[in-house]
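Structural features, examined
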Amino acid sequence: MDQLATLVSDISGFVWNNLLLYILVLTGIIFSIRLKFIQVRKFGEGMRRVFGGINLFGKQADKDGMSSFQALATAIAAQVGTGNIAGCATALISGGPGAIFWMWLSAFFGMATIYGEAVLAQKFKTRSETGEVIGGPVYYIRQAFKGGFGKFLAGFFAVAIILALGLMGNMVQSNSIGDAFYNAFGANKLIVGIIIAAIAAFIFLGGMKRIASVTEKMVPIMAALYIVGSLVVIIANIKNIPNVFYQIFVGAFNPTAVLGGAAGITVKAAMRFGVARGLFSNEAGMGSTPHAHAVAKVDKPEDQGIVAMIGVFLDTFVVLTLTALVILSTNSLGSGAEGVALAQLAFSKVFGNFGGVFIAICLLFFAFSTIIGWYFFGEQNIKYLFGQKAVKIYALLVVIFVIIGSTLKVDLVWNLSDLFNGIMVFPNLLALLALSGLVVAISRGKDK
């Protein structure tokens, strides 16, 4: 099993580091240029739409879809996960402080990519056999490529995302929760997994209405909790912040000047790990969040595209950045701690023993919200492949995987999830590039 895990990890690493990173960033640059940097021009409007639409008890989702904010909350629920803590720590360890600069840069271009995804998802949304609004990449892939080729690409994407996110991805999310609660409280991982699975099942079986109701409440609360906790640590170390930004900007182009030659980190490493962790966290171009944005009730497709951009901003420029500032301002990098343990160490320098508990609570919110979002994305593709009749079977499988995942060492599952996550991106990016002209036309009001 260890050899298989290593093989899958090597293949996944090749797909991500030698192909996807460049294609994802290039796609973001193309959309940015063709849309005249819409992420800058429409940023203010996007913020007004998001923060003007926040409502913890908003209009309930129905067969006509979700409110724009509910759709964004469902997307952010999936975007903000364990990667915002563990992923950021990994980027800092492997790429140095300079990785954060490249993380920001990739997210900036990713905002244009996710705009295109949301616009196309809105444009080609349809209804399921039960009359519910449904949408996602499979529908615009079929529009981009007609005939058998388009049908194959759409089917390939659907299978990959069900495996990568709905099943294996949710397995590793529950594993993160189990580990965090075991480390913080000595809790039994299986019992934690069963509780998480039971709550998840209750939400899944309530359909789109219950998913929307939960995410619109959970996302603002979990974001506020983490932001406040992070700001307390940052303010306690405010004198170190100027040096932190020096490390980030200088380290992006000259890691040796920040870390010394012994660290062995190059500009290429800073760029690779920063871009990889940023894109993996905010999911721009990966084809996941369009499932949520497709079901938003908005007047025009571009309205949800503008809102979708803010999801990337909040995920990377706010949550991921706060994690980086906490770790760097507390001088925790280089301690030998890795992943979640590095974040726990950083918070513990201000919060004491409560630092580990705080991260465990945040991870519970982050990982559980991701389980809900990823379940929803997989469900949309189950409906595409098998129809409504298969949804309950899929929900049961996810619940079983959540329970199993909470107890296992899941290196192989993580690696398989990463691999399928990478593979599913290719059909999505092909369709995005093929339909980029349509996105431009819609944005200019020339597509009727």
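Just above, that's the structure.
Residues numbered from 1 in each chain as written. Predicted model: local features only at pLDDT ≥ 70, side-chain atom pairs only at ≥ 80, totals over all residues. Heavy atoms only, no water.

**With respect to the packing of aromatic side chains**
Enumeration over the complete set of coordinates arrives at 25 aromatic pairs. Arranged with centres 6.0 Å apart and planes meeting at 50°, the rings of Y226 and F347 form a pair that is tilted. Note that Y226 is positioned in helix α10 (residues 207–236) and F347 in helix α16 (residues 339–351), a separation of 121 residues in sequence. Residue Y226 is classed as buried on the basis of its relative accessible area of 1%. (Phe/Tyr/Trp six-rings, centres within 6.5 Å; stacked < 30°, edge-to-face > 60°. Helix = DSSP H or I, 4+ residues; strand = E, 2+ residues; numbered from the N terminus. Buried < 20%, exposed > 50% of the residue type's maximum accessible area, 1.4 Å probe, protein only.)

**Here's the deal with a positive patch on the surface**
A cluster of basic side chains, namely R34, K36, R41, R444 and K446, defines a positive patch on the protein surface. Along the chain, K36 falls in the loop between α1 (2–34) and α2 (38–41). (Patch = residues over 30% accessible without salt bridge, like charges linked within 9 Å, V, L, I, M, F, W, Y side chains within 5 Å. Areas by Shrake-Rupley, 256 points an atom, 1.4 Å probe, with all protein chains shown as cover. Salt bridge = Lys/Arg side-chain N within 4 Å of Asp/Glu carboxyl O. Lys, Arg positive; Asp, Glu negative; His and termini not counted. Charge placed at Lys NZ, Arg CZ, Asp CG, Glu CD.)

**What about the pattern of salt bridges?**
Summed over all chains, the structure comprises 8 salt bridges. Here R49 ties to E45 by a salt bridge, and the two come within 3.1 Å at their closest N and O atoms. Residue R49 and its partner E45 are both found in helix α3 (residues 43–52); the two are separated by 4 residues, about one turn of the helix. Relative accessible area serves as the criterion here: at 36%, R49 is assigned to the partly exposed category. With a shortest N-O distance of 3.0 Å, E132 and K383 are connected by a salt bridge. Highlighted residues: E132 in the loop between β1 (126–127) and β2 (133–134) and K383 in helix α17 (residues 354–386), separated in sequence by 251 residues. Take K383: its relative accessible area is 12%, and that puts it in the buried class. Among the ionic contacts, a cluster of salt bridges with common partners joins K42, E45, R49, K300 and D303.

**Some points on empty space enclosed by the protein**
Empty pockets left among the atoms are what a rolling probe the size of a water molecule brings to light. Counted by the stated rule, this structure contains 2 cavities of 30 Å³ or more. Put simply, the largest cavity is a space of about 100 Å³. The wall of the largest cavity is formed by 13 residues, among which G81, G83, Q173, F280 and W374 lie closest to the centre. Put simply, the parts of the chain that give the lining of the largest cavity at least two residues each are α4 (68–79), α13 (267–282) and α17. Across the lining of the largest cavity, the residue classes tally to 4 nonpolar, 8 polar and 1 charged. Approximately 40 Å³ is the volume attributed to the second largest cavity. Contributing to the lining of the second largest cavity are L24, V25, G28, S106, F109, G110, T113, L279, A284 and G285. Listing elements by their share of the lining of the second largest cavity, those giving two or more residues are α1 and α6 (99–123). The biggest single contributor to the lining of the second largest cavity is α6, with 4 residues. Here the lining of the second largest cavity is built from residues that sort into 5 nonpolar, 5 polar and no charged. (1 Å grid on protein atoms, 1.4 Å probe; cavity = no way out; pocket = protein on both sides within 12 Å on 5 of 7 lines; lining within 4 Å. Points joined across faces, edges and corners; volume = space filled by probe spheres on them. Nonpolar A, V, L, I, M, F, W, Y, C, P; charged D, E, K, R; others polar.)

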